[in-house]
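Residue-level structural notes
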Amino acid sequence: MAIENYHEQVSKDMVVKLREVIKELPKFAATFFRGIEPQTAARTRLAYAYDLRIFFNYIKETNPLYKDKDISEIPLSLLDELTHMDIEEYMEYLKLYNKDDQEIVNHEKGIKRKMSALRKFYSYFYNHEMIKNNPASMINMPKLHQKEIIRLETNEVAILLDEAERGDKLTKNQQYFHEKTKNRDLALLTLLLGTGIRVSECVGLDINDINFDNSCIKVRRKGGNEATVYFGDEVEEALRTYLEERKGIITVEGHENALFLSIQRKRLTVRSVEKLVLKYSSIVTTMKKITPHKLRSTYGTNLYRETGDIYLVADVLGHKDVNTTKRHYADIDDNRRYKARNKVKLRED
């Protein structure tokens, strides 16, 4: 039987994973996850669970009272017993710790995400009057330092697509597979570069999500909202060429609706697309590590350069907050301001 909705299936898989991780947490944690379910996506709840598991493993390792106890037996009263100093010590621990004989390093972004999960956890029980104290709310969150955005230049985009089409700089082994996948690869890369959709949105596309009459695709955004994304002539041409080939492929059962297929005739995974992008981009540049997200940044950059409309870019990329978009493209904005410095004439020449 075909999978009716890929995104629903992914969500179900995450719910199953979440239930397994919750078993590794204190019993009272299940109350938190039930409480936030109506307002959060399964992916978000699973991320919270992973982050909270790190916190309670830390408690077990460092607190003598719980060293010999199973984590599931840690009581809710622990949250009231901890002070803001304890939470600060945990935040310091997150910078560098060992897990399964492996060193784990977190920078500002990773620490902030894990602390946000803990603050959400504390706030839930505090707001529901199940604990009296909320030391997590007293902690200053790490300041994020903006990193330079890595993107492809216009000439690099052209080289990338040319290589996906020809494959003459690939290894012999890669060229063998390229003969089987070049139309798919070109369509996929052209779609990412021509629309700026996320890799998760790309692999989730079904054939009937494409509407050539209106030059658009239907995607499922973060949080489960559906959106219409429009594409240009180059994307349409690449998709049509691939779809002619796609019609003749008999898929593995359960993958009949998938747009992009692997050689095994199954829906492509996010990891497969990441490998595909790396394969072609490493031919174009060795100075930049290009990922599907960098192709998204490339599209956003080009759209902003062409339109100068930051609100349009935010809408097309599916950013809920335009400030997210502004932070990403501040350097372009600054360049536009610089170029505009002589636009207003004070006196006629």
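In this report, the structure presented in the accompanying data block is examined. As a convention, each chain's residues are numbered from 1 in the sequence order in which they are written. In keeping with the predicted nature of the model, local features appear solely for residues at pLDDT of at least 70, side-chain atom pairs appear and are counted solely at 80 or more, and the whole-chain, interface and lining totals rest on all residues. Hydrogens and water molecules were not included; the side-chain quantities draw on all heavy atoms of the structure.

1. Some words on the overall build of the chain
Put simply, DSSP marks the helices as runs of H or I at least four residues long and the strands as runs of E at least two long, and each gets a number from the N terminus on. Broken down by element type, the chain carries 15 helices and five strands. Projected onto its principal axes, the C-alpha coordinates of the chain cover approximately 75 × 65 × 40 Å. For the chain, the proportion of its 349 residues judged to be buried stands at 42%. A sequence separation of at least 24 residues applies to 60% of the contacts in the chain between residues at least 6 apart. Working definition of accessibility: Shrake-Rupley area with a 1.4 Å probe, residue cover restricted to the visible protein chains. Split by element, the accessible area of the chain, about 20900 Å² in all, is 48% carbon and sulfur. The average position of the 59 basic charges and that of the 54 acidic charges among the side chains of the chain differ by 1 Å. To sort residues, take the accessible area from a 1.4 Å probe on protein chains only and compare it with the maximum for the residue type: under 20% means buried, over 50% means exposed, and anything in between is partly exposed. By definition in these notes, contact holds between two residues if any of their heavy atoms fall within 4.5 Å. Here the positive residues are Lys and Arg and the negative ones are Asp and Glu; neither His nor the chain ends is included. We put the charge of a Lys on NZ, of an Arg on CZ, of an Asp on CG and of a Glu on CD.

2. Section: the sheet that holds strand S3 (residues 210-211)
Paired strands are those between which DSSP finds at least two bridges. Strand order in this open sheet of three strands is S3-S4-S5, and the pairing throughout is antiparallel. Edge positions in the open sheet fall to S3 and strand S5 (226-230), since each of these has one partner strand only. Sheet topology note: the strand S4 (residues 216-220)/S5 ladder contains five bridges and is antiparallel. Across the sheet, residue Arg 220 finds its bridge partner in S5, namely Glu 226.

3. So, the nonpolar core
Core analysis: the biggest nonpolar cluster contains 43 residues, and Phe 32, Phe 33, Phe 56, Tyr 90, Met 115 and Phe 121 have the highest contact counts within it. Looking at this core, the elements that each hand over two or more residues are helix H1 (6-22), helix H2 (29-36), helix H3 (42-62), helix H4 (77-81), helix H5 (84-94) and helix H6 (108-127). The element best represented in this core is H3, accounting for ten residues. Filtering out sequence-adjacent residues up to four positions away, Phe 32 remains in contact with Tyr 48, Leu 52, Lys 120, Phe 121, Tyr 124 and Phe 125. The set of buried Ala, Val, Leu, Ile, Met, Phe, Trp, Tyr and Cys residues whose side-chain atoms join them within 4.5 Å is what this entry labels a nonpolar core. The next biggest cluster of nonpolar side chains, apart from the first, holds 42 residues, and it includes Leu 160, Leu 192, Ile 217 and Val 235.

4. A word on a positive patch on the surface
Exposure above 30% relative accessible area and no salt bridge define the residues that can form patches, which grow by joining like charges within 9 Å and nonpolar side chains of Val, Leu, Ile, Met, Phe, Trp and Tyr within 5 Å. In the sections that follow, a salt bridge refers to a side-chain nitrogen of Lys or Arg positioned within 4 Å of a carboxyl oxygen of Asp or Glu. Together, Arg 43, Lys 109, Lys 147, Lys 222 and Lys 320 make up a positively charged patch on the protein surface. Tracing the backbone shows Lys 109 in helix H6.

5. Quick notes on helix H8 (residues 172-195)
Two axes enter the definition of the bend at a residue: one is fitted to the seven residues ending there, the other to the seven starting there, and the bend is the angle between them. By the largest-angle criterion, Thr 181 marks the main kink of H8, which is about 70°. Looking one or two places after H8, you find Gly 196, whose phi comes out positive at around 75°.

6. Brief notes about the packing of H3 against H6
Contact geometry for H3 and H6: axes closest at 9 Å, N-to-C directions at 90°. Relative to H6, H3 is oriented roughly perpendicular. On the side of H3, the interface is formed by Tyr 48, Asp 51, Leu 52, Ile 54, Phe 55 and Phe 56, while H6 contributes Arg 113, Lys 114, Ala 117, Leu 118, Lys 120 and Phe 121. Amino acids outside the nonpolar list (Ala, Val, Leu, Ile, Met, Phe, Trp, Tyr, Cys, Pro) and the charged list (Asp, Glu, Lys, Arg) are all regarded as polar, and Gly is one of them. Residues that form the contact of H3 with H6 fall into these classes: eight nonpolar, no polar and four charged. Every axis in this analysis is a line fitted to C-alpha atoms, fitted for helices over the stretch in contact. Angles between the N-to-C directions lie between 0 and 180 degrees. Orientation categories follow fixed angle ranges, with anything under 35 degrees roughly parallel, anything over 145 roughly antiparallel, 65 to 115 roughly perpendicular, and all other angles oblique.

7. Quick notes on the packing of aromatic side chains
Two rings belonging to Phe, Tyr or Trp (six-membered ring only in the last case) form a pair when the distance between their centres is within 6.5 Å. Interplanar angles under 30 degrees mark stacking, angles over 60 mark edge-to-face geometry, and anything in between is tilted. Taken as a whole, this structure holds 19 aromatic pairs when the rule is applied. Ring centres of Phe 28 and Phe 121 lie 5.9 Å apart, and the angle between their planes is 35°; this geometry places the pair in the tilted category. With Phe 28 in the loop between H1 and H2 and Phe 121 in helix H6, this pair connects stretches of sequence that are 93 residues apart. Overall, the relative accessible area of 12% leaves Phe 28 in the buried class. Aromatic pair Tyr 58 and Tyr 93: ring centres 4.6 Å apart, planes at 45°, arrangement tilted. Taken together, the residues Tyr 58 in helix H3 and Tyr 93 in helix H5 connect sequence positions 35 residues apart. Note on accessibility: Tyr 58 and Tyr 93 belong to one class, buried. A cation sits over an aromatic face here: Arg 240 above Phe 212, 4.0 Å from the ring centre. Counted as over-ring charges are cases with an Arg CZ or a Lys NZ within 6 Å of the ring centre that also lie within 35 degrees of the ring normal.

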